[in-house]
Amino acid sequence: MHSSSDFTVPTVDISPYVPGDHSSGADATARRSVASEVDHACCTVGFMQIVGHGIPDEIVAGLASAMDSFFGMDPAQKSAYICPPELNRGYTAPKSETLSLSLGLDSASGMNDYFEAFNVGTGEPNTWPESVGFRSAVEPYFAEAGRVARTLTGVFADALGESPDLFSRITDRSLDTLRMNNYALDPGTEVPDRELTGMSEHTDYGLVTVLWADRVPGLQVLGTDRVWHDVQPVEGAMLVNLGDLTARLTNDRWMSTLHRVRPPVSGGTIQRRRSAAFFHDGNLDAVIAPLASCIEAGAEPRYRPVTVAEHIQAKLAGSRGGTANASATREAERVRRAVT
């Protein structure tokens, strides 16, 4: 089923938490209001749009230009930057991943995903394209997105009523990845009659995702009504969603929401869409277990403790290695309930 008009992704102005931004007073009352709005979004949707994030327009424009320069290269040139499946870096060619397998499920469409991507990040060696200006444009955006992600985890701690160091102590050596995505098909590629899967249904793996995206249709979020809803960012906003590790940490008080990308097809070709997702995943050796404050009296935690590394490796073995993730039982059950 597809979206109805009453579904909304809340827009939250986080400027009271942004260092150096005094436009809103940045006082305790303003921060409490932001934390309350974030808590509501995390409990009800698992997605939000943030404004007042402070990322300069020129840095976003530089990122978009760098993506255009790389994805516009000849396929053979791009393929030189493909890395082994176990290394979540470099180039991903179209139809080489199935993200739904990270949940232990086959893609609903029965096809591999049609997006292409390029990944850079921390914790693993990067492979930088030789495109002039690519690295010098991507690195400033990576730094800004990381700042925003860390700002958000500060908001999260306040929203949960936890110590300010709740996230900082598990993210001081965080595995962070920027995945730059391009949804387009090479000229002459045959588009199947059935709905095209740009990126199959999945949840994000880590703590929080900060997403820049073109204001082009394609992203769909599964609501609590079990309906897929179309989501496009408002002007100047970043889309933010929670990952599985935050759902685990909050014992499902907050939602790691299923989403997918279905690029619009017109005249046998995909309307091009670009996005860049910054995944803030936490320290590889950090142990993630439900917070005592999120477990109701007399209830049992819904998740066993797991390290960030164990969780991420199992998810990547699905999406990149083609092996269904057997450990994502709760996440997979959410998909099954949603699509039946």
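So, how was this worked out
Residues numbered from 1 in each chain as written. Predicted model: local features only at pLDDT ≥ 70, side-chain atom pairs only at ≥ 80, totals over all residues. Heavy atoms only, no water. Pairing = 2+ DSSP bridges. Helix = DSSP H or I, 4+ residues; strand = E, 2+ residues; numbered from the N terminus. Axes fitted to C-alpha atoms, helices over the stretch in contact; angles between N-to-C directions. Phe/Tyr/Trp six-rings, centres within 6.5 Å; stacked < 30°, edge-to-face > 60°. Buried < 20%, exposed > 50% of the residue type's maximum accessible area, 1.4 Å probe, protein only. Lys NZ or Arg CZ within 6 Å of the ring centre and 35° of its normal. Contact = heavy atoms within 4.5 Å. Parallel < 35°, antiparallel > 145°, perpendicular 65-115°, else oblique. Left-handed = near helix turned anticlockwise from the far one by under 90°. Nonpolar A, V, L, I, M, F, W, Y, C, P; charged D, E, K, R; others polar.

Draft legend 1. The arrangement of the sheet that holds strand β9 (residues 228-230) in detail. As summarised here, the arrangement of the four strands in space is β6-β11-β8-β9, forming an open sheet in which the pairing is antiparallel. If you trace the sheet from one side to the other, it starts and ends with β6 (199-202) and β9, each paired once. Sheet twist, expressed as the mean angle between neighbouring strand axes with direction ignored, is 20°. Here strand β8 (residues 219-222) pairs with strand β11 (residues 259-261) via three bridges, running antiparallel. In the strand pairing of β11, Leu219 is matched with Val261.

Draft legend 2. Spatial organisation of the packing of aromatic side chains. Taken as a whole, this structure holds 12 aromatic pairs when the rule is applied. Ring centres of Phe70 and Tyr81 lie 6.0 Å apart, and the angle between their planes is 65°; this geometry places the pair in the edge-to-face category. Taken together, the residues span a long stretch of sequence, with Phe70 in helix α2 (residues 57-71) and Tyr81 in the loop between α3 (75-79) and β3 (90-92) at a distance of 11 residues. Like Phe70, the residue Tyr81 is buried in the burial classification. Taken together, the ring pairs connect Phe70, Phe71, Tyr81, Tyr91, Phe118, Trp128 and Phe134 into an aromatic cluster. One cation-aromatic arrangement involves Arg31 over Tyr17; the distance from NZ or CZ to the ring centre is 4.6 Å.

Draft legend 3. Region of interest: the pairing of strand β4 (residues 116-121). With six of six residues buried, β4 is to be regarded as a mostly interior element. Neither face of β4 is exposed, since Glu116, Phe118 and Val120 on one face and Ala117, Asn119 and Gly121 on the opposite face are all buried. Relative to strand β5 (residues 176-183), β4 runs antiparallel, the two sharing six bridges. Among the inter-strand pairings, Gly121 is bridged to a residue of β5, identified as Thr177.

Draft legend 4. Looking closely at the sheet that holds strand β7 (residues 208-213). Reading across the sheet, the eight strands line up as β1-β2-β10-β7-β14-β5-β4-β3 and stay open at both edges, with mixed pairing between neighbours. A single partner strand is all that each edge strand has here, and the edge strands are β1 (11-13) and β3. Neighbour to neighbour, the strand axes of the sheet diverge by 25° on average, direction disregarded. Across six bridges, the pairing between β7 and strand β14 (residues 273-280) is antiparallel. Counterpart to Leu211 in the pairing with β14 is Ala277. The strands that helix α1 (residues 28-44) touches are β1, β2 (47-51) and β10 (238-242); relative to β1, the one it contacts most, it runs at about 155°.

Draft legend 5. Looking closely at the packing of α2 against helix α4 (residues 134-159). Put simply, α2 and α4 touch, their axes get as near as 8 Å, and they point 135° apart. Taken together, the axes of α2 and α4 are oblique relative to one another. Between α2 and α4 lies a crossing whose hand is left-handed. Contacts between α2 and α4 involve Ile59, Val60, Gly62, Leu63, Ala66, Ser69 and Phe70 from the first element and Phe134, Ala137, Val138, Pro140, Tyr141 and Glu144 from the second. Per-class residue counts for the contact of α2 with α4 are 10 nonpolar, two polar and one charged.

Such coordinate-based values are descriptive only and should not be taken to indicate function.
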